[in-house]
Amino acid sequence: MRRRDLTAFAFQTLTLHRLRTGLTLAAIAIGVTAVMLLTALGDAAKAYVVREFAGVGTNLVIVVPGRTETSGGMPSFGGTTRDLTLEDVLAVARQCPAVRRATPMSMGTAPAEYGGRSRDIRVIGTTSEFADVRKLAMESGEYLPPGDPRQGEHVVVLGTKVARELFQGENPLGKTLRVGEWRLRVIGVLAAKGISLGIDYDDQVQVPVSVGLKMFDQSGLFRILAEAVNPQAVPIAQREMRAVLTRRHDDEEDFTLITQNAMLQTFGAVIDALTGGLAGIAAISLAVAGIGIMNVMLVSVSERTGEVGLLKALGARRRQILQVFLVEALMLSGGGALAGIVVGLIAIAIAGGIWTFIPLRASPIWIGVVLVLAMGAGVSFGILPARRAAALDAADALRGRH
Amino acid sequence: MSDAAGTAARAGAGPAAAGPGEAIIRLDHVSRVYQVGESQVRALDDVSLAIARGEFAAVMGPSGSGKSTMLNVLGCLDTPTSGSYLLDGERVEGLSEDRLAEVRQKRIGFIFQSFHLVPRMTAARNVELPMIFAGVEPRLRGERVQARLEAVGLGPRAHHRPDQLSGGERQRVAIARAMVMEPSILLADEPTGNLDSRSGDEIVALLERLNQAGLTVVIVTHDPRVAAHARRVLRMSDGRLVEE
Ligand SMILES: Nc1ncnc2c1ncn2[C@@H]1O[C@H](COP(=O)(O)OP(=O)(O)OP(=O)(O)O)[C@@H](O)[C@H]1O
Ligand SMILES: [Mg+2]
């Protein structure tokens, strides 16, 4: 039997029952569209996270207090966790040859007030090296001065948004800003940077770490940021830092080292799992649609028993009957899949236009996967009815007995 | 029809056909037993029969006597439980399912009481159907379809669907379809059963014309007027061939 005859034959049957065919196509299309949308969303989330973490810097090693079993995850607090101290920072900077510089980081939130305007603000306590490690540029004035981190002056550097909102166009340099109980002299304003590593650098202020710790009455640091001499040296730096810090913490590794790679891997894995789960749920709707195909085909076979008997009387082989019904199932699933892909592409284009900050894109791989899945559903759910048709006894089928 | 016509037809069947009297169909002690639950139904009971090439035979008998069963066996749609069947010298029992399909495709035409046209297809498509499954090249088909439809007087109705045709016309489409692969045997199971007497007569006349051109025809019928056209009448009762 020629391929064109086969498709023409199947097409003719499908166009006969427009409603039935249409509903089956719609069921498949919905499943396919769902898979496409959800996977596009997952991919977009991953791209978003990758873009965010790319800002961390490839040669950064972050020390977090507390120990986690798998490196790279969020640390779990509790147990006997020693604080990360300024001495730890100095030790890392001095004793680790693969580390170019290390900088402490404390964190807290306090009300800031100038000229009667007041608002809660995030306060980061750190040292002059922080600007280099986090690649911060100045809009005006100076960054925190170098010197002994244990004896910082009462100065503050502002994010642009803070400067704008509290000083209302006034030049903040040299002015005194009240932060909590502290009066700090503004020495600089950071250039706009936006969000990086979960911190909005435009909406925070930075003070010397000793001031930061005292302001919030903290004994330990929030983070230590260390920069390896180059990206290749990151594993060496990690090893050296682990050794130095473990020694300083009474031979206990009560801290966690995080690198950009580890974070990307962890978040990538989480999002992949999420995407897979979503796609799996969407695939269930494909399976349901497949059952729909099976149902339609079973009805079709029992309606056309006499026809199958006739075709056999006319000399059709068992394999040809099988093909006729299988091609019908394939046309249903393939047609539904194509419709679903078109709808999915349109939906993704529209959604991408509305939410421009999400990099929504239909991935060719997922389109391929979903197409194969849909066709697979067509074949696997179409095979049973097709087999049943092909196995009909010709004489019985002609008599309308089956 | 007279004896002379039948003889002429046989003589005109061409060199492929051996001399008159050679059996194109030969059943020897054929039985077909259906198992229905605990009991057995002997739909065909030890039937022996020879039908010569070019013959026009009618099969009569009461309902349930096994006429359709015999026709199905002759048409290789059903296989005997025991006995042997020689079709054109070839032993049928033991042939594979595909080979049986091929035999039906090339050598046998069927027509049925209920026409068995595919309702969604035009007359032309219905006639084309056997060639589609035989893999005949598309460009060869159109002409053959048209010729067959014209031979049954339905040339202008080629693009009508079955529901736009009368019963007699439908049966003529079915005959055109049965003949399109140029079989040597035409098996008709009560072809006039659903028709008024005039349409029925037209169908019988058509079958006679085909028979005169050399086709072997076996027709199952309840109608003595139809059987009267046959040169030979086979009577069945309880699965047995009782009289010729
Ligand atoms: N598939 C089957 N299973 C069981 N019994 C069957 C089957 N096909 C036919 N029979 C039985 O075989 C016997 C002969 O049936 P068949 O159809 O050949 O009769 P028939 O002479 O053609 O009758 P009618 O004139 O009513 O068409 C009947 O008793 C019928 O019930
Ligand atoms: Mg019958």
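Residues numbered from 1 in each chain as written. Chains lettered and ligands numbered in written order. Predicted model: local features only at pLDDT ≥ 70, side-chain atom pairs only at ≥ 80, totals over all residues. Heavy atoms only, no water.

1. A short note on the overall build of chain B
- Within chain B one finds 8 helices and 10 strands.
- Taken against the 2.2 N^0.38 rule, which gives 18 Å for 244 residues, the C-alpha radius of gyration of chain B at 18 Å falls within 12% of a compact globule.
- Along the first, second and third principal axes, the C-alpha atoms of chain B reach 50 × 45 × 35 Å.
- By residue count, 54% of the 244 residues in chain B fall in the buried class.
- Here the contacts in chain B between residues at least 6 apart in sequence split such that 71% fall between residues at least 24 apart. (Helix = DSSP H or I, 4+ residues; strand = E, 2+ residues; numbered from the N terminus. Rg over C-alpha atoms; globule rule 2.2 N^0.38 Å. Buried < 20%, exposed > 50% of the residue type's maximum accessible area, 1.4 Å probe, protein only. Contact = heavy atoms within 4.5 Å.)

2. Notes on helix 5 (residues 138–151) of chain B
- Here helix 5 of chain B is 14 residues long and its end C-alpha atoms lie 21 Å apart, about the 20 Å a rise of 1.5 Å per residue gives.
- Residues of helix 5 of chain B that are buried: Arg141(B), Val145(B) and Leu149(B). Here the buried residues of helix 5 of chain B occupy an arc of 55° about the axis, which is enough to place them on one side. For helix 5 of chain B, the exposed residues set more than 90 degrees away from the buried face come down to Arg139(B), Glu143(B) and Glu150(B).
- Buried residues in helix 5 of chain B make contact with helix 1 (3–16) of chain A together with helix 4 (123–134) and helix 6 (167–179) of chain B.
- Once helix 5 of chain B ends, the next one or two residues include Gly153(B), with phi positive near 75°. (Expected span 1.5 Å × (residues − 1). Arc of directions from axis to C-beta.)

3. A word on the packing of helix 1 of chain A against helix 4 of chain B
- Running from amino to carboxyl end, helix 1 of chain A crosses helix 4 of chain B at an angle of 140°, the nearest separation of the two axes being 11 Å. When the axis of helix 1 of chain A is compared with that of helix 4 of chain B, the two are oblique. Taken as a pair, helix 1 of chain A and helix 4 of chain B cross one another with a handedness that is left-handed. Taken together, the residues of helix 4 of chain B that come into contact with helix 1 of chain A (itself represented by Asp5(A), Ala8(A), Phe9(A) and Gln12(A)) are Arg125(B), Leu129(B), Ile132(B) and Phe133(B).
- Its residues assigned to classes, the contact of helix 1 of chain A with helix 4 of chain B shows 5 nonpolar, 1 polar and 2 charged. (Axes fitted to C-alpha atoms, helices over the stretch in contact; angles between N-to-C directions. Parallel < 35°, antiparallel > 145°, perpendicular 65-115°, else oblique. Left-handed = near helix turned anticlockwise from the far one by under 90°. Nonpolar A, V, L, I, M, F, W, Y, C, P; charged D, E, K, R; others polar.)

4. Section: the sheet that holds strand 2 (residues 39–52) of chain B
All names here are of chain B.
- Strand order in the open sheet made by the 4 strands is 2-1-4-5, with antiparallel pairing throughout. Each edge of the open sheet is held by one strand with a lone partner, namely strand 2 and strand 5 (90–91).
- In this structure, strand 1 (residues 23–36) lies alongside strand 2, joined through 10 bridges in antiparallel fashion. Each bridged residue has a counterpart across the sheet, and for valine 33 the counterpart in strand 2 is arginine 42.
- Strands in contact with helix 2 (residues 67–74) are strand 1, strand 2 and strand 4 (82–87); relative to strand 1, the strand with the most contacts, it is inclined by about 125°. (Pairing = 2+ DSSP bridges.)

5. Some words on the site of ligand 1
- Near ligand 1 lie 17 residues; those nearest to it are Arg399(A), Ser63(B), Lys67(B), Ser68(B) and Thr69(B).
- More than one chain reaches ligand 1: its neighbouring residues belong to chains A and B.
- One of the backbone nitrogen or oxygen atoms of Gly64(B) is found 2.8 Å away from an oxygen atom of ligand 1.
- Contact between ligand 1 and Lys67(B): an oxygen atom at 2.7 Å from a side-chain N or O atom of the residue. (Near = heavy atom within 4 Å. Polar contact = N/O pair within 3.5 Å; in protein donor to acceptor, adjacent residues only side chain to side chain.)

6. With respect to the domain arrangement of chain A
- We note that the domain assignment places domain 1 (3–52 + 265–398) and domain 2 (82–253) within chain A.
- Between the C-alpha centres of domain 1 of chain A and domain 2 of chain A there is a distance of 56 Å. (Domains from an automatic or database assignment.)

7. Some words on a nonpolar patch on the surface
- Among the surface-exposed residues, Tyr48(A), Val342(A), Ile346(A), Ile350(A), Ile354(A), Trp355(A) and Phe357(A) lie close enough to one another that they form a single nonpolar patch of about 730 Å² accessible area.
- A per-element tally of the nonpolar patch places helix 10 (residues 318–354) of chain A first, with 4 residues. (Patch = residues over 30% accessible without salt bridge, like charges linked within 9 Å, V, L, I, M, F, W, Y side chains within 5 Å. Areas by Shrake-Rupley, 256 points an atom, 1.4 Å probe, with all protein chains shown as cover. Salt bridge = Lys/Arg side-chain N within 4 Å of Asp/Glu carboxyl O.)

8. Details of the pattern of salt bridges
- By the definition in use, this model includes 43 salt bridges over all chains.
- Residue Glu253(A) pairs with Arg67(A) through a salt bridge whose shortest N-O separation is 3.3 Å. Of this pair, Glu253(A) sits in the loop between helix 7 (234–248) and strand 12 (255–259) while Arg67(A) sits in the loop between strand 1 (60–65) and helix 3 (86–95), placing them 186 residues apart in sequence.
- For Arg67(A), a relative accessible area of 34% puts it in the partly exposed group.
- Residues Arg120(B) and Glu307(A) are paired through a salt bridge, measuring 2.7 Å at the closest nitrogen-oxygen approach. Here Glu307(A) lies in helix 9 (residues 305–313) and Arg120(B) lies in the loop between strand 6 (108–112) and helix 4, a pairing that spans two chains.

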